[in-house]
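Each chain, written out:
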Amino acid sequence: MKIDVNQRAADNIRILAMSMVEKSKSGHPGGAMGGADFIHVLFSEFLSFDPRNPDWINRDRFFLDPGHMSPMLYSELALTGHFTIEELKSFRQWNSPTPGHPELNVMRGIENTSGPLGQGHTMAVGAAIAERFLVARFGELFAHKTYAFISDGGVEEEISQGAGRLAGFLGLNNLIMFYDSNDIQLSTETKAVTDEDTAMKYTSWGWNVIKINGNDQHQIREALASAVEEKERPTIIIGKTIMGKGLLDKDGKSFERKCSTHGMPVSEAGGSFEKSLINLGGDIADPFRIFEEVKELYKNILASKSKAADEWRKRKNEWADKNSDLEKKLQLFYSGDIPEIDYKAIQQKEGSATRAASSAVLGVYAKKIENMVVASADLSNSDKTDGFLKNTHAFTKGDFTGSFLQAGVSELTMAAVMNGMALHGGVIPACGTFFVFSDYMKPAVRLACLMSLPVKYIWTHDAFRVGEDGPTHQPVEQEAQLRLMEHLKNHRGENSMVVLRPADAVETTLAWKLAMENKKTPTALILSRQNIKDLPSDNNDRYTDALKSGKGAYIVQDCPGKPDIILIASGSEVSTLVEGAALLKKDKLNVRIISAPSEGLFRNQPEDYRKSIIPENIPVFGLTAGLSVTLQGLVGPKGKVWGMNSFGYSASYKVLDEKFGFTAENVYGQVTGYLAECKK
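Analysis parameters
- Residues numbered from 1 in each chain as written.
- Predicted model: local features only at pLDDT ≥ 70, side-chain atom pairs only at ≥ 80, totals over all residues.
- Heavy atoms only, no water.
- Helix = DSSP H or I, 4+ residues; strand = E, 2+ residues; numbered from the N terminus.
- Rg over C-alpha atoms; globule rule 2.2 N^0.38 Å.
- Buried < 20%, exposed > 50% of the residue type's maximum accessible area, 1.4 Å probe, protein only.
- Contact = heavy atoms within 4.5 Å.
- Areas by Shrake-Rupley, 256 points an atom, 1.4 Å probe, with all protein chains shown as cover.
- Pairing = 2+ DSSP bridges.
- Axes fitted to C-alpha atoms, helices over the stretch in contact; angles between N-to-C directions.
- Core = buried A, V, L, I, M, F, W, Y, C linked by side-chain atoms within 4.5 Å.
- Phe/Tyr/Trp six-rings, centres within 6.5 Å; stacked < 30°, edge-to-face > 60°.
- Lys NZ or Arg CZ within 6 Å of the ring centre and 35° of its normal.
- Parallel < 35°, antiparallel > 145°, perpendicular 65-115°, else oblique.
- Nonpolar A, V, L, I, M, F, W, Y, C, P; charged D, E, K, R; others polar.
- Salt bridge = Lys/Arg side-chain N within 4 Å of Asp/Glu carboxyl O.
- Polar contact = N/O pair within 3.5 Å; in protein donor to acceptor, adjacent residues only side chain to side chain.
- Expected span 1.5 Å × (residues − 1).
- Disulfide = S-S within 2.5 Å.

Caption draft 1: Geometry of the overall build of the protein. Summing up its helical and strand segments, the protein has 27 helices and 16 strands in all. A globule of 680 residues ought to have a C-alpha radius of gyration of about 26 Å, and the protein, at 28 Å, matches this closely. Each principal axis of the C-alpha atoms in the protein carries an extent, and together these give about 100 × 60 × 45 Å. When each of the 680 residues of the protein is scored for burial, the buried share is 61%. When contacts within the protein are restricted to residue pairs at least 6 apart in sequence, long-range pairs at least 24 apart make up 76% of them. Roughly 26,600 Å² of accessible area belongs to the protein as shown, and the carbon and sulfur atoms make up 50% of that amount.

The structure is reproduced here in structure tokens:
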């Protein structure tokens, strides 16, 4: 009997996936077994990659959305040589390269961290946009495909609405997504929660929709071939698959299509691991064995892919010889570096809102940094990302020569798309919206922190001074939430994020400088709606003074001798402290004023620097338009913070300043009262 080696390979993936979960006594085998046919056909016949150089810039990208289906991906990557059998056996164990949900590791063939459903395929949209952006600048030689794998849960997550709309609107014909539609969820069948016509939904967004039997390799092959040739639209292949394909119970009867196998080992779910293993052609004595015929198949596949990559490099070298300037630009784009910027020469209007100051910097970037892409969630004229837009144009279907993405009212989608751009490489992504809507973006921001992606966030309207828009638009607790990300370490031991809240226009210029120099983690710029008085400079060189903001906190105004009180704030509250200090000085008090745009950067400084800025045993008073806890770590346990500990109200910002106590007079009153308490 002739063996169908491709079917044998898919069954090998099923066996490995099932065995990984069984050995670890934890995981999700059912979906991985259902998706095995697609993953095998995609990787073996369509996905372009170089086994020797996994970070090859012109590889096709594969984004897994349902991270719980990691056993499927790890098993496939074991066939391609990215993982060893021993590493599969350590699935979900401490310090294993095969964690329960895949974590970004391009050198292991993993293009994205996934787990929160919906974000994986939305990142794929961002990668597809980045590819179109680069092709528009360097030519079709650099064209490649972006593939995504999505499940029922990912389709249900609200973010899929934004991803589907945006990809269809932009006509991303380089994006091909497989929807593994097995009708089974963790606790119910999908029919218990939805009966929508998914195909019609994607058709309405302008996608090419193909329906197939997702376990029929011939149909998979034909669908992928058709999708690759599509010239106008993104493609979704809706594949009906069988959850737990090949599973049997202890009586040898089918144990397929069970909710229980979604999230637990086969034996715990009620099936028979041993009988299922035999049914799929496995070896009871060695369930982690890769079949010899499958090894031989993939040996030939990998040789063919290596040859194709070498042929591309030959064409690329010929292109580089003829296009030396473009080659230099390409290298610059992928390095993450930017051309030299004369930040001191950037003109800022006196007393600007920091969002306006940011706009001035973005205007320079639009002219200087050719691979920067800026997005806004329908707020470009308010978050002032239009400083960038005025010097370029927005992406439209068939035209990616511009550098701006009008994301529409979809903050989470926008943030995930930015992650995808960063993951693709070659572009520097930044996105803007109101700070209060960072709440919508947090899941994607968290993944950017986990993946160490250098996305730039432009969050404006930073406090209750949004004013008449009222408490729904007035951020209070948001800064404290983001500051926690400066405390949280990534897996490299770095602050997972840099959060900058500049105190005036010049500090904003330098905040952008810090953001662009940070190529390791995300950076947030928290910016004011209202105008802010420029901070004083004793030497009339505010730029040089503000350069010290790179240390996270620095002295804006000092006093002769030992301070009686240290005043500390970030953002617009620093100028309020300057006004309050003028009143305190009339009482012959020695006052030091500190601007602290980034607690995280400050805590990274040597202890002697930190103590030189905030010495021990001197009273410290903090002023923040956020929760008082925002500054508690800097003022210390004996310090005092005046903050916002309730939601705001609707009124003009000047009235709110008065009502909430963000005035020079209240600073004076709070500090004198605090000092009196300290003397008791």
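Caption draft 2: Structural detail: the pairing of strand S2 (residues 146–151). Among the six residues that make up S2, six are buried, leaving the element largely enclosed by the rest of the structure. With burial as the criterion, each face of S2 is covered, one bearing Thr-146, Ala-148 and Ile-150 and the other bearing Tyr-147, Phe-149 and Ser-151. Here strand S1 (residues 61–64) runs beside S2; their pairing, made up of four bridges, is parallel. When the bridges of S2 are listed, Phe-62 appears paired with Tyr-147. The pairing of S2 with strand S3 (residues 175–181) spans six bridges and is parallel. Residue pairing in the sheet places Thr-146 in a bridge with Leu-175 of S3.

Caption draft 3: Representation of unusual backbone geometry in the model. Its identity as a non-glycine residue notwithstanding, Asn-95 has a phi of 60°, on the positive side. Positionally, Asn-95 belongs in the loop between helix H5 (85–89) and helix H6 (119–138). For Asn-95, a relative accessible area of 69% translates into the label exposed. With a phi close to 65°, Asp-183 is a non-glycine residue in the positive phi region.

Caption draft 4: Inspection of the sheet that holds strand S6 (residues 372–376) at higher detail. Pairing is parallel across the open sheet formed by six strands, whose spatial order is S7-S6-S8-S9-S11-S10. Whereas interior strands pair on both sides, the edge strands pair on one side only; in this sheet they are strand S7 (404–406) and strand S10 (498–500). The average angle at which neighbouring strand axes cross in this sheet is 15°, direction not considered. By the bridge criterion, three bridges tie S6 to S7 in an arrangement that is parallel. Within S7, the residue paired with Ala-375 across the bridge is Leu-405.

Caption draft 5: Main features of the nonpolar core. Judged by nonpolar contacts, the single largest core of 74 residues is most densely connected at Tyr-365, Met-372, Trp-512, Leu-567, Ile-593 and Phe-621. With near-sequence residues (within four places) excluded, Phe-621 lies in contact with Ile-565, Ile-566, Leu-567, Ile-568, Leu-577, Val-635, Lys-640, Trp-642, Val-667, Gln-670, Val-671 and Tyr-674. In this structure, Ala-130, Ala-163, Leu-405 and Leu-453 belong to the second largest nonpolar core, which totals 72 residues.

Caption draft 6: Representation of the pairing of strand S15 (residues 620–623). Burial along S15 is two-sided: Val-620 and Gly-622 and Phe-621 and Leu-623, pointing in opposite directions, are all buried. Two elements, strand S13 (residues 565–569) and S15, share four bridges in a ladder whose sense is parallel. Note on S15: the bridge partner recorded for Leu-567 is Phe-621. Inspection of the sheet shows S15 paired to strand S16 (residues 640–642) by three bridges, in the parallel sense.

Caption draft 7: Local environment of the packing of aromatic side chains. Counted according to the given criterion, the structure contains 27 aromatic pairs. Seen in terms of ring centroids, Tyr-74 and Phe-91 are 6.1 Å apart; in terms of plane orientation they differ by 70°. Their pairing is edge-to-face. Within this pair, whereas Tyr-74 is found in helix H4 (residues 70–79), its partner Phe-91 is found in the loop between H5 and H6, the two being separated by 17 residues in sequence. A relative accessible area of 1% places Phe-91 in the buried class. Between Phe-138 and Phe-142, the aromatic rings sit 6.0 Å apart at their centres with planes inclined by 65°, giving edge-to-face as the arrangement. By relative accessible area, which is 5% here, Phe-142 ends up buried. Connected via pairs of aromatic rings, a cluster forms that spans Trp-56, Phe-138, Phe-142, Trp-312, Trp-319 and Phe-333. Here the guanidinium or amino end of Arg-8 rests over the ring plane of Phe-291, the centre of that ring lying 3.5 Å away. Seen from the ring of Phe-133, Arg-137 lies directly overhead, with NZ or CZ sitting 3.6 Å from the centre.

Caption draft 8: View of the packing of helix H1 (residues 5–24) against helix H13 (residues 292–322). Closest axis-to-axis distance for the H1/H13 pair is 9 Å, and the angle between their directions is 105°. Classified by the angle between their axes, H1 and H13 sit roughly perpendicular to one another. Two secondary-structure elements touch here, H1 through Val-5, Asn-6, Arg-8, Ala-9 and Asn-12 and H13 through Glu-293, Val-294, Leu-297 and Tyr-298. Partitioned by chemical class, the residues of the contact of H1 with H13 number five nonpolar, two polar and two charged.

Caption draft 9: Expanded view of the pattern of salt bridges. All chains considered together, the criterion is met by 40 salt bridges. A salt bridge links Lys-611 to Glu-607, with the nearest nitrogen and oxygen atoms 3.0 Å apart. Of the two residues, Lys-611 and Glu-607 both sit in helix H24 (residues 607–613), four residues apart, roughly one turn of that helix. Classification of Glu-607 as partly exposed rests on a relative accessible area of 46%. One network of salt bridges, in which partners are shared, links Asp-462, Arg-465, Glu-479, Arg-483, Glu-486, Arg-501, Glu-573 and Asp-657.

Caption draft 10: Main features of helix H19 (residues 478–487). Most of H19 is tucked away, with seven of its ten residues classed as buried. Among the residues making up H19, those that are buried are Gln-478, Glu-479, Ala-480, Leu-482, Arg-483, Met-485 and Glu-486. Those residues of H19 hidden inside the fold are in contact with helix H18 (438–451), strand S9 (456–460), S10, strand S11 (523–526), helix H23 (599–603) and helix H25 (629–635).

Caption draft 11: Layout of the environment of Asp-462. With respect to the helices, strands and loops of the structure, Asp-462 is situated in the loop between S9 and H19. By relative accessible area, which is 6% here, Asp-462 ends up buried. The sequence separation of Asp-462 and Ser-572 amounts to 110 residues, and the corresponding C-alpha distance is 9.4 Å. For Asp-462, the side chain forms a polar contact with the side chain of Arg-501, separated by 2.9 Å.

Caption draft 12: Seen up close, helix H20 (residues 505–517). End to end, H20 covers 19 Å across 13 residues, agreeing with the expected 18 Å (1.5 Å per residue, within 8%). Counting buried positions along H20 gives eleven out of 13 residues, so the element sits mostly inside the fold. Among all positions in H20, only Ala-505, Val-506, Glu-507, Thr-508, Thr-509, Leu-510, Ala-511, Trp-512, Leu-514, Ala-515 and Met-516 are buried.

Caption draft 13: Just the state of the cysteines, in detail. All chains considered together, the criterion is met by zero disulfides. With no disulfide of its own, Cys-449 lies closest to Cys-431 among cysteine sulfurs, the gap being 12 Å. Residue classification places Cys-449 among the buried residues on the basis of a relative accessible area of 2%. Cys-678 carries a free sulfur, and the closest cysteine sulfur to it, the one in Cys-559, is 16 Å from it. Judged by relative accessible area, which is 41%, Cys-678 ranks as partly exposed.

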